[in-house]
Amino acid sequence: MKIPRNIEEARRRAEELRREIHEHNYRYYVLNQPIISDAEYDALMAELRAIERQFPELVTPDSPTQRVGAPPREEFGTVRHTVPMLSLEDARNEEELRAFDARIHRFLRLPPGEPVVYAAEPKYDGLSCELVYVDGVLTVASTRGDGQVGEDVTPNVRTIDTVPLRLREHPEFSIPERLEVRGEVLISKEDFAKLNQERERQGLSPFANPRNAAAGSLRQLDPTITASRPLVFIAWGIGQRTLPTKTHRETLDLLHKLGFRVAEPRRICQGIEEVIAYYRELENLRDTFPFELDGAVIKVNNMDLWETLGTTARSPRWAIAAKFKPRERTTRLLDVQFQVGRTGIITPVALLEPVEVGGVVISRATLHNFEEVARKDVRIGDWVFVRRAGDVIPEIVGPIPERRKGTERPILPPDRCPVCQGEVVKEGAYLKCINLACPAKLEAALRHMAGRRALDIEGLGKKTAELLVRRGKVQDPADVFFLRAGDFQDLPGFAEKSIQNLLQAIDRARRIPLHRFLFALGIPGVGEQVARTLAREFRTLKALQRANEEALMRVEGIGPELARNITRFFKEPHNQRILAKFLKAITLEEEPETEQDVMPFAGKTFVFTGALASMTRDRARELVESLGGKVSSSVSRKTSYVVVGENPGSKLDRARELGVPVLSETEFLNMLKDTGAHP
Ligand code: IVH
C-alpha cells in the first residue's frame, strides 16, 4: 500500500476509495451480490484508513471508515441499538495477536509476565443480529445495520428454530426485565449446498456463499420465505449488561442455560500463547466445521475490564478477531484446457492468473462440466471468484459480469476429444470421449493405478504415464509390469538411476493386498472403502469375479447400481484379458480371515468426552465403527484412546489416572484422515 505524500494526491485517492467502497457496500449489503472478495474489500478499507490517519483533516462524516456495516433498508422498520454494535479489529497472524496482548498489558498497566485471561471462540461468518427479550419474551429482533440503527426483522427471526421465543426459566436467578442477546444468523455448509441445488433446479441464481444465503434469507420482506430456509442463531454476547455475570465465559454459559445455542468450541486461555494454540487448533477444524468460519474471536474474559479498556470509534479494545487466511479471491480466467479422465469424461479446467488463496498460489481450477460453465456463464477473459476449501481442488465460484470489457469469449465444448480427436457424446451433464483406445483414458488409469493408495508406484506420474502411452510402451495398465530397462532407452528425460528406481518401485508392487488391487482397477464406484469391504467379504479375486449381483448386494453398503458396475466390469472380455495378464505378473495377498489388518481401528476402543466441534457423537461412533473400532462410554485400562472435545468431563481425569492416551479433536481427525475416512 502506498500512502500519498502530498495532501492533494491524498484527497483524490481518498475520494476515489470512498466512491468505490460505497459502491461495494451497496452491492454487498443491499444486493447481496459482491463483486470483490472480502480480502480485497478489507484492503481498500485499510488503505483509506491509513490515508485518513496520515491526513486527519481529510476525514469526512460520510466516510465509510466512520461507520460500520450497512444502512438499513427502507422497506424494513428501524431499531436503534441501546449499545452500539461495533465491529472487531483484525489480527491476521500470531504476531498481531501478540501485539494485541501487549496493548492490553499497557492499558491495564500489567507487568508483561502476568497473563491476561482471555475467552476464545469461533468467529462465525454470518449476519449479526440482536434479539431483545422483555420479561423473558422475544419482542424485537434487528440486524446490525450501521451499528447504531438496524433493520427490524422480528417476524423473520421468529421463524428461526434455534431462537427461543421465550427464555427458559432458571431456578438460580430471575430473568432480567430486558435482555439483549447478540449473535450470528447462519446457514450450515451442508444446508447451503442443498439450498443452492434446490435453487438451481428452480432456475434461480445460486447464492455465492453461506453468508450471502443467510443474509438473503433473513432480509426477506416475506417471513414465510425466511421460514423455509434452514437458518440457525448462535449467541456470542449481550448488549446492555443486565445479567449478573462477571465474565464473558459466565455470560455465554448463562445464555446457554436460558435456551440459546452459543459459540462452540470455546476456551478460557491463560495468556496469549494459549490463545495462539487455540487459534491454530480451530484453523485445523475449519474444513470439517459445520459452519463457515473466518477466524477466532478473542475477548478479555473479565467484563469489568471492558469498561477500563473502552472502545475506539469502531471497535472495542478488549476484543480482536484473529482472522484465518481468506479462501476466496478474485482473479482473471486466462484460458481453458480440456482434461480427459479415466472414464473419458472431459473436464474443463480454467487456467488462471496466479493468485494466493488461503496460503497457496493457485493457477488452475476446475469448472466441473460444460453444463455448469453454461449455467454460470463463465467466459475466457472474465474476472472470477475462485475458492479453495481445505484439500479440495480449487473451483471457480462464478464470474463477475460487472467487470467485463466486451472482449471475453465463451467457453465452448469441444466437438472432438482434445487428445485422440475421437468422437464425443453427452452423458447427462458430462461430455465423454467414447474412443476405447483414447490414450488420455489410459494415462489417467495408469496414474490412478500408481497412486499412493492403490499400487503405490513412485515415479509413475503424469509425465511418465504420458510418455509410456504415447510412445506405445504401454497398451493397457497391466503392461506396466512387463516393462524392461530397454523400454526407456529412447524416452527423453530418463537417466539410468531414475529407470532403476521406477523398475524397483514396480517390483515392490508385485505383491499387493487384494483390496489395494481392487481399488487400483478403478471400477466405477469402487473407492477405497468399498474395495476393503469387497476384499474382506470375498477374500480372493476369483470368488469376487464369480459373484453375481445378488451375492454382491447381500454385502453391507453395496446397492444395485454398484453391484451392476462390478459384475459388468468383470464380464467385459477386454477387462478379463487384462486381469489375466496382471495375474501373470503380480501376487495378490489374500485378505486375512479376521478383521485385523484390514480395518484400521480393529481391536481399538474409543471413549469420547466433551463436545466435538466438527461432528456429532453419533457420527463419530459411526466412523469409528465403520473402521472396525468400538466406542465405549466409560474409561478403563482397556480403552485405547480418550478423545477430548470442549468442556470434557471426569473421563479425562480418569484417562490421566490410568495413563490412557488422550487425543485432541484435531488429532482424532488426523487419525481418521490417515485411514482415508471422511468425517
Ligand atoms: S463479538 C464489539 N463474537 O464478527 C463486537 N462477534 O467484526 C463484538 N462475529 O459483528 C463482536 N462471531 O457479526 C463476536 N464469536 C463472535 C463472533 C462475532 C462472529 C461477527 C459479528 C460481529 C463481527 C465483528
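Residues numbered from 1 in each chain as written. Predicted model: local features only at pLDDT ≥ 70, side-chain atom pairs only at ≥ 80, totals over all residues. Heavy atoms only, no water.

## Here we look at the nonpolar core
We count it as follows: Among the buried residues, those of types Ala, Val, Leu, Ile, Met, Phe, Trp, Tyr and Cys that are joined through side-chain atoms within 4.5 Å form a nonpolar core. Exposure classes here rest on a 1.4 Å probe applied to the protein chains alone. A residue is buried below 20% of its type maximum, exposed above 50%, and partly exposed in between. A contact between two residues is defined here by any heavy atoms of the two lying within 4.5 Å.
Ranked by internal contacts, the top residues of the largest apolar core, which has 56 residues, are Ile457, Phe517, Leu518 and Leu534. Contacts of Leu534, omitting those with residues within four sequence positions, involve Leu518, Val526, Arg539, Leu544, Leu552, Ile558 and Ile566. Of all hydrophobic cores here, the second largest spans 54 residues; its members include Phe100, Tyr124, Phe291 and Leu623.

## Here's the deal with the site of the ligand
For the record, the criterion: Here a residue counts as near a molecule or strand whenever at least one of its heavy atoms sits within 4 Å of it. Contacts described as polar in this section are N or O atom pairs within 3.5 Å, which, within protein, must combine one atom able to donate a hydrogen with one able to accept it, while residues neighboring in sequence count only if both atoms come from side chains. For the area figures, the Shrake-Rupley method with a 1.4 Å probe applies, and any residue is considered shielded solely by the protein chains shown. Put simply, DSSP H or I for four residues or longer makes a helix, DSSP E for two residues or longer makes a strand, and each gets a number counted from the N terminus.
Around the ligand sit 14 residues, and of these Glu121, Pro122, Ser128, Glu184 and Lys299 come closest. Separating a nitrogen atom of the ligand from a backbone N or O atom of Pro122 is a distance of 3.0 Å. At 3.1 Å, a side-chain N or O of Lys299 approaches a nitrogen atom of the ligand. Taken by itself the ligand offers 520 Å² of open surface, and the protein chains cover 90% of this. Broken down by secondary-structure element, the contributors of at least two residues to the shell around the ligand are strand E3 (117–124) and strand E10 (293–300).

## Focus: helix H9 (residues 272–285)
What counts, and what does not: Here, expected helix span is obtained from the residue count minus one, scaled by 1.5 Å.
In this model H9 runs 20 Å from its N-terminal to its C-terminal C-alpha over 14 residues, within 8% of the 20 Å that 1.5 Å per residue would give. Ile272, Val275, Ile276, Tyr278, Tyr279, Leu282 and Leu285 are the residues of H9 that are buried. Lining the buried residues of H9 we find helix H3 (94–108), E3, strand E9 (267–270), E10, strand E11 (319–323) and helix H24 (665–675).

## As for the pairing of strand E7 (residues 178–186)
Let me state the cut-off plainly: What makes two strands pair is DSSP finding at least two bridges between them.
Summarising burial for E7: 8 of the 9 residues are buried, a large majority. In the sheet, strand E4 (residues 127–134) pairs with E7 via 8 bridges, with the strands oriented antiparallel. Residue Ser128 lies in a different strand from E7, and its bridge partner there is Glu184. By the bridge criterion, 6 bridges tie E7 to strand E8 (residues 232–238) in an arrangement that is antiparallel. When the sheet's bridge partners are listed, Arg182 is paired in E8 with Gly237.

## Examining the packing of aromatic side chains
When we look at a pair of aromatic rings, we describe it by the centre distance and by the angle of the planes. Our working rule: When two rings of Phe, Tyr or Trp (its six-membered ring) have centres within 6.5 Å they constitute a pair, described as stacked for plane angles under 30 degrees, edge-to-face for angles over 60, and tilted for the intermediate range. Any Lys NZ or Arg CZ found within 6 Å of a ring centre and within 35 degrees of that ring's normal is scored as a charge over the ring.
Going through the model one piece at a time under the given rule, you end up with 16 aromatic pairs. Ring centres of Tyr124 and Phe289 lie 6.4 Å apart, and the angle between their planes is 45°; this geometry places the pair in the tilted category. Here the residue Tyr124 occupies a position in strand E3, and Phe289 occupies one in the loop between H9 and E10, the gap between them amounting to 165 residues. On the basis of relative accessibility, which here comes to 3%, the residue Phe289 falls in the buried class. Both rings, one in Phe606 and one in Tyr641, keep their centres 5.4 Å apart while their planes meet at 40°; by these two values the pair is tilted. Taken together, the positions of Phe606 in strand E23 (residues 605–609) and Tyr641 in strand E25 (residues 641–644) put the pair 35 residues apart, joining distant regions of the chain. The pair formed by Phe606 and Tyr641 is uniform in burial state, with each residue classed as buried. One aromatic cluster is present, formed by Phe601, Phe606, Phe608, Tyr641 and Phe668 through successive ring pairs. Against the face of Phe207 rests Arg199, its NZ or CZ located 4.3 Å from the ring centre.

## Regarding the pattern of salt bridges
To be explicit about the condition: Salt-bridge detection follows one rule: a side-chain nitrogen of Lys or Arg within 4 Å of a carboxyl oxygen of Asp or Glu.
Under the criterion given, the structure shown has 47 salt bridges. Of the charged contacts, one joins Glu264 and Arg266 as a salt bridge, the two residues approaching to 3.5 Å between their closest N and O atoms. Judged by its relative accessible area of 25%, Glu264 falls in the partly exposed class. Put simply, Arg249, Asp253, Glu264 and Arg266 are held in one network by salt bridges that share partners.

## Re the sheet that holds E8
Think of a sheet as strands paired side by side through backbone hydrogen bonds, with each pair either parallel or antiparallel. As a reminder, the rule being used: Every axis in this analysis is a line fitted to C-alpha atoms, fitted for helices over the stretch in contact. Angles between the N-to-C directions lie between 0 and 180 degrees.
Pairing is antiparallel across the open sheet formed by 4 strands, whose spatial order is E5-E4-E7-E8. The sheet is open, and its two borders are formed by strand E5 (137–143) and E8, each paired with just one other strand. The average angle at which neighbouring strand axes cross in this sheet is 35°, direction not considered.

## A closer look at the side chain of Arg388
Take Arg388: it is sitting in the loop between strand E16 (383–387) and strand E17 (395–399). Polar contacts involving the side chain of Arg388 include one to the main-chain carbonyl oxygen of Val357, which spans 3.2 Å. Apart from the residues within four sequence positions on either side, Arg388 is in contact with Arg327, Val357, Gly358, Val360, Ile362 and Pro394.

## Looking at the environment of Glu590
Within the secondary structure, Glu590 is located in the loop between strand E22 (587–589) and E23. For Glu590, a relative accessible area of 52% corresponds to the exposed category. For the pair Glu590 and Leu541, spaced 49 residues apart in sequence, the C-alpha to C-alpha distance is 8.5 Å. Here Glu590 is in contact with Arg539 and Thr540, once residues within four sequence places are set aside.

## Points about unusual backbone geometry
In this structure, the amide linkage connecting Glu264 to the following residue, Pro265, adopts the cis form with an omega of -5°. Of note, Pro265 is situated in the loop between helix H8 (248–257) and E9. Phi at His368 is positive, roughly 65°, even though this residue is not glycine. Its location among the elements puts His368 in the loop between strand E14 (360–366) and helix H11 (370–376). A relative accessible area of 30% means that His368 is categorised as partly exposed. Positive phi values are uncommon outside glycine, yet Arg539 reaches one of about 65°. In this fold, Arg539 is placed in the loop between helix H17 (528–538) and helix H18 (541–546).

## Description of the confidence of the model for the protein chain
Filter applied, for reference: As a per-residue measure, pLDDT tells how confident the predictor is, with possible values from 0 to 100.
For the protein chain, mean pLDDT is 90; residues scoring 70 or higher make up 96% of the total. Taken element by element, the protein chain is modelled with least confidence in H24, mean pLDDT 85, and with most confidence in E3, mean pLDDT 98.

## So, the state of the cysteines
So the rule is basically this: We call a pair of cysteine sulfur atoms a disulfide whenever their separation is within 2.5 Å.
Applying the stated criterion across every chain, the model contains 0 disulfides. For Cys438, which is in no disulfide, the shortest distance to another cysteine sulfur is to Cys420 and amounts to 3.7 Å. A relative accessible area of 1% places Cys438 in the buried class.

## Points about the sheet that holds E9
One open sheet accounts for 5 strands, arranged E2-E11-E10-E3-E9; its pairing is mixed. Since the sheet does not close on itself, it has two edges, and those belong to strand E2 (90–91) and E9, each with one partner. Relative to E9, E3 runs antiparallel, the two being bridged by 4 bridges. Along E9, the bridge assignment pairs Tyr118 with Cys269. Each of E3, E9, E10 and E11 touches H9; the most contacted strand, E9, lies at about 140° to it.

## Re the packing of helix H20 (residues 560–571) against helix H21 (residues 573–585)
Think of two packed helices as two axes; the pair is described by the angle between the axes and how far apart they sit. So the rule is basically this: Our angle categories are set so that under 35 degrees counts as roughly parallel, over 145 as roughly antiparallel, 65 to 115 as roughly perpendicular, and the remainder as oblique. Polar here means any residue outside two lists: the nonpolar Ala, Val, Leu, Ile, Met, Phe, Trp, Tyr, Cys and Pro, and the charged Asp, Glu, Lys and Arg; Gly therefore counts as polar.
Two numbers describe how H20 lies on H21: the axes approach to 5 Å, and their chain directions differ by 70°. When the axis of H20 is compared with that of H21, the two are roughly perpendicular. The segment H20 lies against H21, with Phe569, Phe570 and Lys571 engaging Pro573, Asn575, Gln576 and Leu579. In the contact of H20 with H21, the residues fall into 4 nonpolar, 2 polar and 1 charged.

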